[in-house]
Amino acid sequence: MIRKRLPKSVTVSLVTICIISAIVVKYYSWETVKEEAFAIGTEQGILRGKNLIENKQGESHREEKHEETKRCKPKKNVVFLKTHKTGSSTITNVFNRFGERNKLVFVVPIEKQNRLGWPWFFQEDHMIHYNNIKPNILCSHSRYNRAVLDRVMPKDTVYVTILRDPVAQFESTFSYMTFGEILGISNETDPLEAFFENPKDVLVNYILTQDLRINSDRLKLIRNGMFFDLGLESKDFDNMEEIRQNIQRLDREFHLVMLMEYFDESLIMLKNLLCWDIEDVVYFHHNQRKKTQKRNLTSELVTQIEQWSGADKALYDYFKVSFLRKLSNQTPDFFRDISVLRKKNAALRDQCLDSTTEYGDYQDVEIQEFKIKKNLTKAMKTSCDKMTWNEVKYLGYFRYKQKKLLTTKTSSRTLWDEIATFVPFI
């Protein structure tokens, strides 16, 4: 049989087509692999924890939830206004993990900062701007400034925050921020009691004798710390009309105010508000003090704290009534979700964490640290690790990742660029 040799031009064309086809397959296959790797690396561990506690009843429950999910779309634009010593670091970790899994853009403080301008009111120059791309989530420490937030965040942003009983919050803040040492009363038998013998005199003595540039930020929390975070001016701490108007304004502007004393109930309310899954709100408690450093307060100290931080008490009392009203109107499904969340948390603690308890020093306060179990799979270790990341570590991660990601978006190589690399004569 006589074989005809193809013309050279036809041969070149066929070879070129084969090369282009191979590159196209490689290009899109790589994109798919990257997507799948990201999803697997962040979800696999949590899904395994989920499987530990599922049974036939759980399967039925999941099917019902699947039907419910069809009726709403998960919300991804959120401002979580962090308040100090209220369990907010734990909830920040929930938002950080959800945002990472869903490739959302976070509001990140400018270089060398871990707070968004706090204790000053939040301003646009406190954050890194990424080519005019609106962020999805803000969950770093900032002082509530709604006018600026409305400019920065998308219009459909959901606003949430968390409060804590003001007596417990003040005691925790006083200890965590080492106010006794800062104010020069750490040598007293009981610095907290010493402070309340005459708090104004203690503060005046500090102002007259200490360098105000060193610890003035922390001392913004010495009175009505939660309401300060939420925007109340210190000059209005004793102005009951301003306090009342600001509480009503916050009630209008926030979609949910959670309570630390009802932590799991708050997270299920958050899940329902945002149309998330229970797996999205599993957590490990962050920044817990050693139990021996927590104290019981006398009735006299309780009264003194409530009077000293009267604005915080009014704020908390108002939103506690509102929260309990919402709680009383929940369906049996809501309380079943609470039970499921607790089981999932317990399963994940058992899977991820070593049973030994370790503590690290933070400003002379012993804070519980996490110790991840050894011999976990790589995917499971990644999931467990990220449940323990504090906000500083996550911020460093997002600062690096978002610079790289958003720069790539503006100068990314196209498919044509890939082809030209391999077939320069086209």
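Residues numbered from 1 in each chain as written. Predicted model: local features only at pLDDT ≥ 70, side-chain atom pairs only at ≥ 80, totals over all residues. Heavy atoms only, no water.

In the annotation of an unreviewed UniProt entry, the entry for the protein reads Sulfotransferase domain-containing protein, and the organism field reads Pocillopora damicornis. Note on the protein: under the UniProt heading Sequence similarities (unreviewed entry), the record states "Belongs to the galactose-3-O-sulfotransferase family." The record held by UniProt for the protein lists under Subcellular location (unreviewed entry) the comment "Golgi apparatus membrane". (UniProt positions renumbered as here; feature names shortened; annotations may be inferred.)

(A) Looking closely at the overall build of the protein. Looking only at helices and strands, the protein features 18 helices and 6 strands. Split into buried and exposed, the 426 residues of the protein put 45% on the buried side. In the protein, 75% of the contacts between residues at least 6 apart in sequence involve partners at least 24 apart. Of the accessible surface of the protein, which amounts to about 23,300 Å², a share of 53% is contributed by carbon and sulfur atoms. (Helix = DSSP H or I, 4+ residues; strand = E, 2+ residues; numbered from the N terminus. Buried < 20%, exposed > 50% of the residue type's maximum accessible area, 1.4 Å probe, protein only. Contact = heavy atoms within 4.5 Å. Areas by Shrake-Rupley, 256 points an atom, 1.4 Å probe, with all protein chains shown as cover.)

(B) Representation of the nonpolar core. Ranked by size, the top nonpolar core spans 98 residues in total, and within it F95, L183 and F195 carry the most contacts. In this structure F95 touches V78, F80, F106, I137, C139, V160, L270, L274 and W276, once residues within four positions along its chain are discounted. (Core = buried A, V, L, I, M, F, W, Y, C linked by side-chain atoms within 4.5 Å.)

(C) Geometry of the sheet that holds strand β2 (residues 137-138). The 4 strands are arranged β2-β1-β3-β4 in an open sheet whose pairing can be described as parallel. Looking at the sheet topology across the chains shown, the edges are occupied by β2 and β4 (256-259). Where strand β3 (residues 158-163) and β4 come together, 4 bridges link them in parallel fashion. Paired with T161 across the two strands is V257, which belongs to β4. Taken strand by strand, helix α12 (residues 263-274) contacts β1 (78-81), β3 and β4, and its axis lies near 160° from that of β4. (Pairing = 2+ DSSP bridges. Axes fitted to C-alpha atoms, helices over the stretch in contact; angles between N-to-C directions.)

(D) Local environment of the packing of aromatic side chains. Within this structure, the stated rule accounts for 25 aromatic pairs. Residues F174 and F179 carry aromatic rings whose centres are separated by 5.8 Å and whose planes lie at 80° to one another, so their mutual orientation is edge-to-face. In this structure, F174 and F179 share a single accessibility class: buried. Arranged with centres 5.2 Å apart and planes meeting at 20°, the rings of Y394 and F398 form a pair that is stacked. Residue Y394 and its partner F398 are located together in helix α17 (residues 391-411), separated by 4 residues, close to a single helical turn. (Phe/Tyr/Trp six-rings, centres within 6.5 Å; stacked < 30°, edge-to-face > 60°.)

(E) Geometry of the packing of helix α3 (residues 88-101) against α12. For the pair α3 and α12, the least separation of the axes is 12 Å and the interaxial angle reads 30°. Relative to α12, the element α3 lies roughly parallel. For the crossing formed where α3 meets α12, the hand is right-handed. Note on element contacts: α12 touches α3 through F263, L267, L270 and L274, opposite T90, I91 and F95. Here the residues of the contact of α3 with α12 sort into 6 nonpolar, 1 polar and no charged. (Parallel < 35°, antiparallel > 145°, perpendicular 65-115°, else oblique. Left-handed = near helix turned anticlockwise from the far one by under 90°. Nonpolar A, V, L, I, M, F, W, Y, C, P; charged D, E, K, R; others polar.)

(F) Quick look at the state of the cysteines. All told, the structure shown has 2 disulfides when counted by the stated rule. The partner cysteine of C72 in its disulfide is C275, sulfur to sulfur 1.8 Å. The disulfide joining C72 to C275 has a torsion of about 75° about its S-S bond and is therefore right-handed. With a gap of 203 residues between them, C72 in the loop between α2 (56-70) and β1 and C275 in the loop between α12 and α13 (299-308) connect regions that are remote in the sequence. The class for C72 is partly exposed, based on a relative accessible area of 33%. (Disulfide = S-S within 2.5 Å.)

(G) Fine view of the pattern of salt bridges. Counted under the stated rule, the structure contains 20 salt bridges. Here R146 and D150 are joined by a salt bridge, their closest N and O atoms 2.9 Å apart. With a gap of 4 residues between them, R146 and D150 both fall in helix α4 (residues 146-152), about one helical turn apart. A relative accessible area of 45% means that D150 is categorised as partly exposed. (Salt bridge = Lys/Arg side-chain N within 4 Å of Asp/Glu carboxyl O.)

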